[in-house]
Amino acid sequence: MSSQSGKATLTPHLARLEAESIAIIREVAASFRKPVMLYSIGKDSGVMLHLALKAFAPGKPPFPLLHVDTTWKFREMIAFRDMMAKKVGMELLVHTNPDGIERGISPVASGSALHTQVMKTEGLKQALDKWGFDAAFGGARRDEEKSRAKERIFSFRGPGHSWDPRGQRPELWNLFNTRIRDGESIRVFPLSNWTEYDVWDYVLAEDIPVVPLYFAKQRPVVKRSGTWIMVDDERLPLEPGETPEMRMVRFRTLGCYPLSGAVESTAATLPEIIAEMRAARTSERQGRLIDTDEDASMEKKKREGYF
Amino acid sequence: MPHRHLRQQQHELLRFLTCGSVDDGKSTLIGRLLYDSQLIFEDTLAAITRDSRKHGTTGDDIDLALLVDGLEAERQQGITIDVAYRFFQTPRRSFIVADTPGHEQYTRNMATGASAASLAVILIDARKGVLTQTRRHSYICSLLGIRDIVVAVNKIDLVKFDQDTFDRIVGDYVTFASELGFRSIVPVPISARYGDNVTSRSGNMPWYNGPTLLEHLETVDVSQDLAARPFRFPVQWVNRPNLDFRGFAGTIASGRIAPGDQVVVAASGKTSRIARIVTADGDLPAAEAGEAVTLTLEDEIDVARGDILVRSAERPPVADQFAGHLLWMDEEAMLPGRGYLMRIGNIWTPCSVTSIRHRVDVNTLEEHAARRLSLNEIGFCNFSAGQPIPLDPYADNRATGAFILVDRFTNRTAGAGMVAFPLRRASNIHHEHFTIDKAARAALVGNTPMVLWFTGLSGSGKSTIANIVEQALHRAGRPTYSLDGDNIRHGLCRDLGFTAEDRVENIRRVGEVAKLFVDAGMVVLCSFISPFRAERRMVRDLLGPGEFTEVFVDTPIEACMARDPKGLYARAQAGQIKNFTGIDSPYEAPEHAELHILTAGRTPEDCAEEVLERLRAAGIAC
């Protein structure tokens, strides 16, 4: 990368990851009838959106953003989402599973497994069907979890959004097989080859906005199953003897607030976050309560249509 | 944990793959690299400690292989099936490891991992030495263009860290690999399970003075210097956000470019100059291989996705026929003559193998004659594509030399190919343009030329119905001709039998003949069992829109057997005829035939009338 290019702050490694992701995003725009980019508000989505804006400059990305709203996101996430959509000038579609609302599904009352199944997985499938999207970008990375390590960059989904780990197409070179029939679709993961380190290094180098929840701050929390759960609104019922206390905490990953554990931290800036991450001894998914349900639980969820 | 706190500006990426068979310890080695480079987190470690008791193969020790075997089936069977990608980094480099299975039945998975790697770590069990599988892995690496090899002689602890054993294995390997064109071969004696010479120097082998595996991976120079090669820019997407901007987005595959440089569209020969190199971070004064950019040109020339911009002094050959290696990855065998879709660069085009020059035995590297390629087999073939394509040998340029073949019906990725050279026949045979064309010939006889393709089981009544239809057309003054097994198999195709390969070739020839008759202005009635969808599709693709009418003569096999006009079913059931459709060879019924005639309980005349009605509806008086 030449030093006059304006990308002087990117290492050769990050520059290569960036170029690879941009090529993947362009490929989808060129090959599919109606693509959409899933936007889940977290740091990975933020990086993916940033890459999409770069891929089509001086134009705008030729697809909308989609957020599947479980109604249990942190308030700061929703405010950030609306601010970002406005800032980048892209269409933002929001879908919430109406059946789940009617059934009163919530992570508190229904448990994490059912809540995830109905509000995230089913909600996502409804949204993709409702607008007829044939390709959907997701921000998943191969380093996140074991069954993701074998995921294709272009992941084929059969009718009903089914994922068959044994039926995935071999993916050689960058010659992606983009051919699908009616009713079939492709999930595309432009950040497949990025690690958590790469994402934060890139956020820092490119000055990408992220939700303030990633930065340490005094927040009202209660301790549950060894992790700090934030009391984001009055919907979180407190158990007998529980009193929210103010702690200096931050989040490594963001999801529905009763399912996202915070860590105690003083890291209030990007360099401090990166330093803390490099010294950390636990993986980012540790704070995610949905993965620990059982062995190979991610593979199971993916078969059902989870991202 | 010194690695975590250091970062350098020149931090680079190395992609490598590990090859070895079930017991060579690949997954354990990768687990060891992750573990020793401190990239295993406490919660992950707790999870695999728990899993080790359930699935592990190492007794009370942590089974490091469980870090990488991710799918449920793999953990239960204790083997790696799919390609897993793993990530780790040191102060010097970031690494992406493709962990690939070594069994012959997973050759395609290994090739997938190799296609994106620039170095391979080939594991050899110190107790077993160079084996058939070692040769196979090395050959596939070589075929996919990997030029730098590490020979990791693993389980050296089980041969008491013996130098002679190591030297003998290395000697065997170097001798065998001399034909494979590797640039470097670096042998390292290791124990993945105990960590000797993986990330830290072993005290058990004072005789070894070379680098540890990790030291070598951190420092090895695998650069291909793509920027120094001829400029190739495959246009991926045309960016037209408004009337004032028309840019060509893509990733520079090789070479470098700057504004003012002259470029030419490889296939069409149109030339222009680079006006700007546009990125979101501003225009660049120059760009080179690996950069994703948007180029604008000084002139409004015709450029679309699939085109390749090159320099005029470095234009690649443009050909629709070429030779190359093909690795077959689909359960359904590749048959020469059968139509597939090819993706090369950003071009999708029909493609078929015209002949298999030889098949390569991946274990012995011997060349054999072959009439088909089955799953995981590799052949050197001649290919015919649906359009002229700019080509480079794979060894020179992957962007213009690598391709995949896709099954037209299932859309599965069925083959991976590597261009060796264009075939000269493609550039030397030119179509003559005759003044009298198909339309002129058809007009003279007042005909609408077309093919009526009758498909169905033997004895289903194809020829009988076709015969009645032809009589009616003849009476109405329409020039016709009939092609069926009798007039084709005894002449044009007398050299062909009834294997799947020969059936494909038979239909290919019939299709070409039918096309000539259509050119001559005739209605051609073809009655062939033609059991495979792919070949019927191939004939359809030879003809123009509306010129091919598929007539599915649908008679239950029981009725065909009861009728058995030629006594063939009786002989097939007695085992006297092999490859008989419906008995020991499949019939793939049409899914979208223009006419689906259910014959049960009807006369041939009645069925023929259905065909004639269709022709009348298409404006053919008969």
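Conventions and cut-offs
- Residues numbered from 1 in each chain as written.
- Chains lettered and ligands numbered in written order.
- Predicted model: local features only at pLDDT ≥ 70, side-chain atom pairs only at ≥ 80, totals over all residues.
- Heavy atoms only, no water.
- Helix = DSSP H or I, 4+ residues; strand = E, 2+ residues; numbered from the N terminus.
- Buried < 20%, exposed > 50% of the residue type's maximum accessible area, 1.4 Å probe, protein only.
- Areas by Shrake-Rupley, 256 points an atom, 1.4 Å probe, with all protein chains shown as cover.
- UniProt positions renumbered as here; feature names shortened; annotations may be inferred.
- Contact = heavy atoms within 4.5 Å.
- pLDDT = per-residue confidence, 0-100.
- Core = buried A, V, L, I, M, F, W, Y, C linked by side-chain atoms within 4.5 Å.
- Salt bridge = Lys/Arg side-chain N within 4 Å of Asp/Glu carboxyl O.
- Pairing = 2+ DSSP bridges.
- Axes fitted to C-alpha atoms, helices over the stretch in contact; angles between N-to-C directions.
- Parallel < 35°, antiparallel > 145°, perpendicular 65-115°, else oblique.
- Nonpolar A, V, L, I, M, F, W, Y, C, P; charged D, E, K, R; others polar.
- Right-handed = clockwise from strand over helix to strand, strands pointing away.

## What to know about the overall build of chain B
Stage number 1. If you tally the helices and strands in chain B, you get 16 helices and 27 strands.
Stage number 2. A total of 622 residues make up chain B; the buried ones form 56% of that total.
Stage number 3. Element-wise, carbon and sulfur atoms account for 49% of the exposed surface of chain B, whose accessible area totals about 26000 Å².

## Overview of the UniProt feature "binding site: ATP" (unreviewed entry) in chain B
Residues and elements named next belong to chain B.
Stage number 1. Mapped onto this numbering, the UniProt entry annotates "binding site: ATP" (unreviewed entry) at Gly456, Leu457, Ser458, Gly459, Ser460, Gly461, Lys462 and Ser463.
Stage number 2. Looking at the secondary structure, you find Gly456 in the loop between strand 23 (450-455) and helix 10 (462-475).
Stage number 3. We classify Gly456 as buried; its relative accessible area is 0%.
Stage number 4. What Gly456 contacts, discounting residues up to four positions off in sequence, is Lys462, Phe528, Ile529, Val553 and Tyr587.
Stage number 5. Here Ser458 shows up in the loop between strand 23 and helix 10.
Stage number 6. In this structure, Ser458 is in contact with Ile529, Cys560, Leu568, Tyr569 and Phe580, ignoring residues within four places of it in sequence.

## Examining the environment of B:Ala442
Residue and element names in this part refer to chain B.
Stage number 1. For Ala442, the location among the structural elements is in helix 9 (residues 438-444).
Stage number 2. With relative accessibility at 6%, the residue Ala442 sits in the buried group.
Stage number 3. Considered as a pair, Ala442 and Gly521 are 79 residues apart in the sequence and their alpha carbons are 4.2 Å apart.
Stage number 4. Not counting the four nearest positions on each side in its chain, Ala442 is found in contact with Asn447, Pro449 and Gly521.

## A look at the confidence of the model for chain B
Stage number 1. Of the residues in chain B, 90% reach a pLDDT of 70 or more, and the chain-wide mean stands at 87.
Stage number 2. Considering only residues more than four positions removed or in separate chains, one finds that residues 1-9 of chain B, a stretch of pLDDT under 50, has 24 contacts.

## What about the nonpolar core?
Stage number 1. Residues A:Trp173, B:Phe16, B:Leu17, B:Val121, B:Leu144, B:Ile149 and B:Tyr173 are the most contacted members of the largest nonpolar core, which totals 78 residues.
Stage number 2. In this structure B:Ile149 touches B:Ala120, B:Ile122, B:Cys141, B:Tyr173, B:Phe182, B:Ser184, B:Ile185 and B:Val186, once residues within four positions along its chain are discounted.
Stage number 3. In terms of nonpolar packing, the next biggest core, distinct from the first, is built from 73 residues, A:Leu191, A:Trp194, A:Phe215 and A:Val221 among them.

## Structural notes on helix 4 (residues 107-115) of chain B
Residue and element names in this part refer to chain B.
Stage number 1. Most of helix 4 sits out of view: eight of its nine residues are buried.
Stage number 2. For helix 4, the full list of buried residues reads Thr107, Asn109, Met110, Ala111, Thr112, Gly113, Ala114 and Ser115.
Stage number 3. Lining the buried residues of helix 4 we find strand 1 (12-19), strand 2 (84-89), strand 3 (93-99), helix 5 (132-143) and strand 16 (318-328).

## Some thoughts on the pattern of salt bridges
Residues and elements named next belong to chain B.
Stage number 1. For the structure shown, the criterion picks out 51 salt bridges over all chains.
Stage number 2. Close ionic contact of Glu218 with Arg92 constitutes a salt bridge, the shortest N to O distance being 3.3 Å. Placement of Glu218 in helix 7 (residues 213-219) and of Arg92 in the loop between strand 2 and strand 3 is noted, with a sequence separation of 126 residues between them.
Stage number 3. For Glu218, a relative accessible area of 12% gives the class buried.

## Comments concerning the sheet that holds strand 6 (residues 185-188) of chain A
All names here are of chain A.
Stage number 1. An order of 3-2-1-4-6-5 is seen for the six strands of this open sheet, with the pairing classed as mixed. Strand pairing shows two members of the sheet lacking a second neighbour, strand 3 (92-95) and strand 5 (154-157), which therefore form its edges. Mean inter-strand twist for the sheet, computed between neighbouring axes without regard to direction, equals 30°.
Stage number 2. Where strand 2 (residues 65-68) lies against strand 3, four bridges are found, and the strand directions are parallel. In the sheet register, Val68 faces strand 3, and the bridge partner there is His95.
Stage number 3. Where helix 2 (residues 43-55) meets the sheet, its contacts fall on strand 1 (35-38), strand 2 and strand 4 (135-137), and the angle it forms with strand 1 comes to roughly 140°.

## Overview of the packing of helix 1 (residues 12-31) of chain A against helix 2 of chain A
Residue and element names in this part refer to chain A.
Stage number 1. It is the contact of helix 1 with helix 2, at a shortest axis distance of 9 Å, that shows an interaxial angle of 75°. Here helix 1 lies roughly perpendicular to helix 2, going by the angle between them. Along the contact surface, helix 1 presents Glu18, Ser21, Ile22, Ile25 and Arg26, while helix 2 presents Met48, Leu51, Ala52, Lys54 and Ala55.
Stage number 2. Across the contact of helix 1 with helix 2, the residue classes break down as six nonpolar, one polar and three charged.

## Some words on the environment of B:Glu288
All names here are of chain B.
Stage number 1. Positionally, Glu288 belongs in strand 13 (residues 287-288).
Stage number 2. Classification of Glu288 by relative accessible area gives partly exposed; the value is 29%.
Stage number 3. Between the C-alpha atom of Glu288 and that of Leu226, which follows or precedes it by 62 residues, the distance is 8.4 Å.
Stage number 4. Once residues lying within four places of it in the same chain are set aside, the contact partners of Glu288 are Ala227, Ile252, Gly255 and Arg256.

## What to know about the pairing of strand 5 (residues 148-154) of chain B
Residues and elements named next belong to chain B.
Stage number 1. Burial runs high along strand 5: seven of the seven residues are buried.
Stage number 2. Taking every second residue as pointing to the same face, both faces of strand 5 are buried, with Asp148, Val150, Ala152 and Asn154 on one and Ile149, Val151 and Val153 on the other.
Stage number 3. In the sheet, strand 4 (residues 119-125) pairs with strand 5 via six bridges, with the strands oriented parallel. Paired with Asp125 across the two strands is Asn154, which belongs to strand 5.
Stage number 4. Crossover handedness for the path strand 4 to helix 5 to strand 5: right-handed.
Stage number 5. With helix 6 (residues 163-177) bridging strand 5 and its parallel neighbour strand 6 (residues 184-189), the resulting β-α-β unit is right-handed.

## Things to note about the confidence of the model for chain A
Residue and element names in this part refer to chain A.
Stage number 1. When pLDDT is averaged along chain A, the result is 86, and 89% of the positions lie at 70 or above.
Stage number 2. Across residues 1-7, where pLDDT falls below 50, the model places eleven contacts with residues more than four positions away in sequence or in other chains.
Stage number 3. Below a pLDDT of 50 lies the segment residues 290-296, which in the model reaches 19 contacts outside its immediate sequence neighbourhood of four places, other chains included.

## Topic: unusual backbone geometry
Stage number 1. Put simply, A:Ala57 and A:Pro58 share a cis peptide bond, and its omega is 5°.
Stage number 2. With respect to the helices and strands, A:Pro58 occurs in the loop between helix 2 and strand 2.
Stage number 3. With a phi angle near 60°, B:Lys160 is a residue other than glycine that sits in the positive phi range.
Stage number 4. Note on placement: B:Lys160 falls in the loop between strand 5 and helix 6.
Stage number 5. If you check the backbone angles, B:Asn376 has positive phi at about 75° while not being a glycine.
Stage number 6. For B:Asn376, a relative accessible area of 8% corresponds to the buried category.

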